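The primary structure of each chain is shown beneath.
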Amino acid sequence: MDRRDFLVQTGTMLAGAALAPRSLAMVAEDQPGGAQQCRLVLPINRNWRYNPKVADGGHAIAFDDSGFDHVVVPHTNRRLPWHSFDEKSYEFVSLYRRPFKLPAEAKGRRVFVDFEGVMTASTVWINGQKLGEYKGGYTPFSFELTPHVNWDGENLLAVDVDSTERADIPPFGYEIDYLTFGGLYREVALRIVPDTYIENLFAMPKDVLSNHPSLEVRCFLDGPASSWSTPRTLEVELLDGDRVVSKASQKVAAKPPTQQEMALQAVTLSNLGQIRLWDLQHPQLYTVRVRLLEQGKVVDEDTRRFGFREATFTDQGFSLNGKVIKLRGLDRHQTFPFVGQAMPGRVQRRDALILRNQLKCNIVRTSHYPQSRHFLDACDEIGLLVLEEIPGWQHIGDLAWQAISVDNVRRMVRRDWNHPSVILWGVRINESRDNHDFYVRTNAMAHSLDPSRQTGGIRYFQESEFLEDVFTMNDFGWPLKPPNHPKYLNTEFVGHTYPTKTIDSLERLREHTIRHARVHDELASNPQYAGGIGWCAFDYNTHSNFGSGDRICYHGVSDIFREPKPAAGFYKSQCEPEEEIVLEPAFHWARNDESIGFTVALVSSNCDHLKFWVDDSNGYRLVNEGDPDRKQFPHLRYAPFSVPLGEQLRDWGDLRIDGYIGGKLVISKKYSGKGIDQQFLLLPDDTELFADGADTTRVVLRVNDEYGQVRPFANDPIIFQLDGPAEIIGDNPFALIGGTGAIWIRAKEQPGTVTLRGTHPILGVQQVTFRLAPAPPERA
């Protein structure tokens, strides 16, 4: 496995610039055309020294940090239980220190440190010199180190991380319905560039549906004013893999950057030939490569990945490449059990795969903040649309607070404007009241930076002033409010109005599923509904004023471990049978799980006919059959089935459900009626990791019946034994919840073999083996 494979698979490929991540030519050894002499991006995620509560002065060079913990980024400032904890336990100021030496080729160049995300306020020091404070936990930031570095010896980078809920920083100022956690929870890198360099790139396709598509590449250059009299040239290439599709060059205008913005040079590529569009089924990606030349020599080079597509909200719904698509998705918090937000790229990418491949969503909303670039990279690669929004929840602070929020728009757009999956910028504070002047500024910022995308703003009342391009609305009522604007998207529903646990009764699980299906049925009834994004994908930790008594919002269609509830089956069932044939009951097969015994079988399926069989004393007997419930769900393409069974259940036994399409049996599933736990399984998402100290994968725990269906009332403690260079993220022992649960395995920095053994008190031992491949060393 080479260096590039490591970067791609682990999601650790780093930014060409902190405000513009996702460069494909960012590691010096990988850069073509001689660029290795001009630009280096050096990950510095290992070898950090951490103290959770240290006295002032810890940034000083002479400070003794020998007693600090040695940690690897992403890092949470405190490991936590998966529920029932006090958020004050992670709200403190902590110190991170990272010694480094610059490589010899750094001399004569500029050095920056790029932070992708630190929660919540960061004061950065280099060699005892304070560089400044950055306020905000969800957007990237950089500091230039050049004047203060020791070119020949050791340097010391120090970061004071304030993880308290400070009222001067969005989303804080009041109480929010989620937790932010703390720590240096996204990656960090040193960026070494020439005196004048490419600061960012924006690849903006134009006229993609015409016979003459083109690509405008906006190149942002930074450098001292004194250098702009030097003649330079920009060389731009469009790449399909390694093949050059088109190229152009242009002389750089002698216009130095201002204090407000980088110098912008726009280069247009035409004569592109037959391009392939990015869409949901075929998410075709291209690369743009830009070189900055001086007297024919490459002085800097950078690349960005993007896609050609036309995405716009119209009076008749959302259109992708000229085809109207009904949006169907879920909102996502990027938080995880035990470590909050500090999960690496592999785990972030897994969430996108769950949403697209398991739940069959075509859109996700990054509620309520910009999320990991690894997650967005995966959305690009698998065809999952994204509504991305700025940090905030209901509260709007003072003018200084608002200025930070406007800057959040700037940083969000400049970081993510090359992602073809991003179709809408969310430029309001979620569910806030109107504030004309503030929202004029946020909209103007997004439109000035990116004229190719529309804006939306998540509100909860239709009387709101409409300043954006798309009216995005949280509507938890029933029936839904009719669209009051031609471009209308429902961005939250169900959620907190009907929280549901995996261990709830049949009646509640069934009603939870019905409520999600009912909303999507209503959305399908009117083309002016562009679609809907349900609240939410996964359960999440919250403050005591929200959620249930254990500080969990059980609002997800999947639990906090990413295991599905029955409502997840409804989302899955809306895919075409050619993609996957789906049959997902919204019940536990138990005779008296309802208050009046078992009555109606609710099943989410894309079949057109179901038959229900019960294995009684005489073998399997047909007890009923049915078609999709068009009476309750008249507009859904694949309506759930509501089939009465109660009166036909004379004797209890195993259940078999057969699914038919066009009269042909296409799927059959069995469910045990014995009420006995039969199987214990460990189900890892991956079995190959990299020994970089951060790479992590989930291991799902399940107790099943003899047919492989989860036993929802299994709650046994699972005891783990781990051998090899890795650690368990999670409880040990772990008490199952609803017959399932998960832990995560995080690699240490030594390659080798890791064995995980899980012991169930009755069903015995299961074992999983992981291979940890060597990871490239960090050069700084």
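Check the entry above for the structure.
Spatial strand order, E3-E2-E4-E9-E6-E7: six strands in an open sheet with antiparallel pairing. Pairing within the sheet leaves two strands with one partner each, and these edge strands are strand E3 (69–71) and strand E7 (129–135). Across the sheet, the axes of successive neighbouring strands diverge by a mean angle of 25°, strand direction being ignored. Two elements, strand E2 (residues 48–51) and E3, share three bridges in a ladder whose sense is antiparallel. Residue arginine 49 lies in a different strand from E3, and its bridge partner there is histidine 70.

The residue arginine 415 is located in helix H4 (residues 399–416) in this model. For arginine 415, a relative accessible area of 4% gives the class buried. The sequence separation of arginine 415 and leucine 384 amounts to 31 residues, and the corresponding C-alpha distance is 18 Å. A distance of 2.5 Å separates a polar side-chain atom of arginine 415 from the backbone oxygen of glutamine 371.

Further remarks concern the pattern of salt bridges. Counted under the stated rule, the structure contains 70 salt bridges. Close ionic contact of glutamate 133 with arginine 166 constitutes a salt bridge, the shortest N to O distance being 2.9 Å. Placement of glutamate 133 in strand E7 and of arginine 166 in the loop between strand E9 (154–162) and strand E10 (188–193) is noted, with a sequence separation of 33 residues between them. What makes glutamate 133 partly exposed here is its relative accessible area of 38%.

In this section: the layout of surface pockets. Estimated volume of the largest pocket: approximately 1000 Å³. Considering the residues around the largest pocket, the lining is formed by 39 residues, among which Pro564, Glu584, Arg702, Gln709 and Val710 are closest to the centre. When residues of the lining of the largest pocket are traced back to their parent elements, those giving at least two are helix H7 (566–573), strand E31 (583–585), strand E37 (664–671) and strand E40 (696–704). With four residues, the single largest contributor to the lining of the largest pocket is H7.

Reading guide: rules and limits
- Residues numbered from 1 in each chain as written.
- Predicted model: local features only at pLDDT ≥ 70, side-chain atom pairs only at ≥ 80, totals over all residues.
- Heavy atoms only, no water.
- Pairing = 2+ DSSP bridges.
- Helix = DSSP H or I, 4+ residues; strand = E, 2+ residues; numbered from the N terminus.
- Axes fitted to C-alpha atoms, helices over the stretch in contact; angles between N-to-C directions.
- Buried < 20%, exposed > 50% of the residue type's maximum accessible area, 1.4 Å probe, protein only.
- Polar contact = N/O pair within 3.5 Å; in protein donor to acceptor, adjacent residues only side chain to side chain.
- Salt bridge = Lys/Arg side-chain N within 4 Å of Asp/Glu carboxyl O.
- 1 Å grid on protein atoms, 1.4 Å probe; cavity = no way out; pocket = protein on both sides within 12 Å on 5 of 7 lines; lining within 4 Å.
- Points joined across faces, edges and corners; volume = space filled by probe spheres on them.

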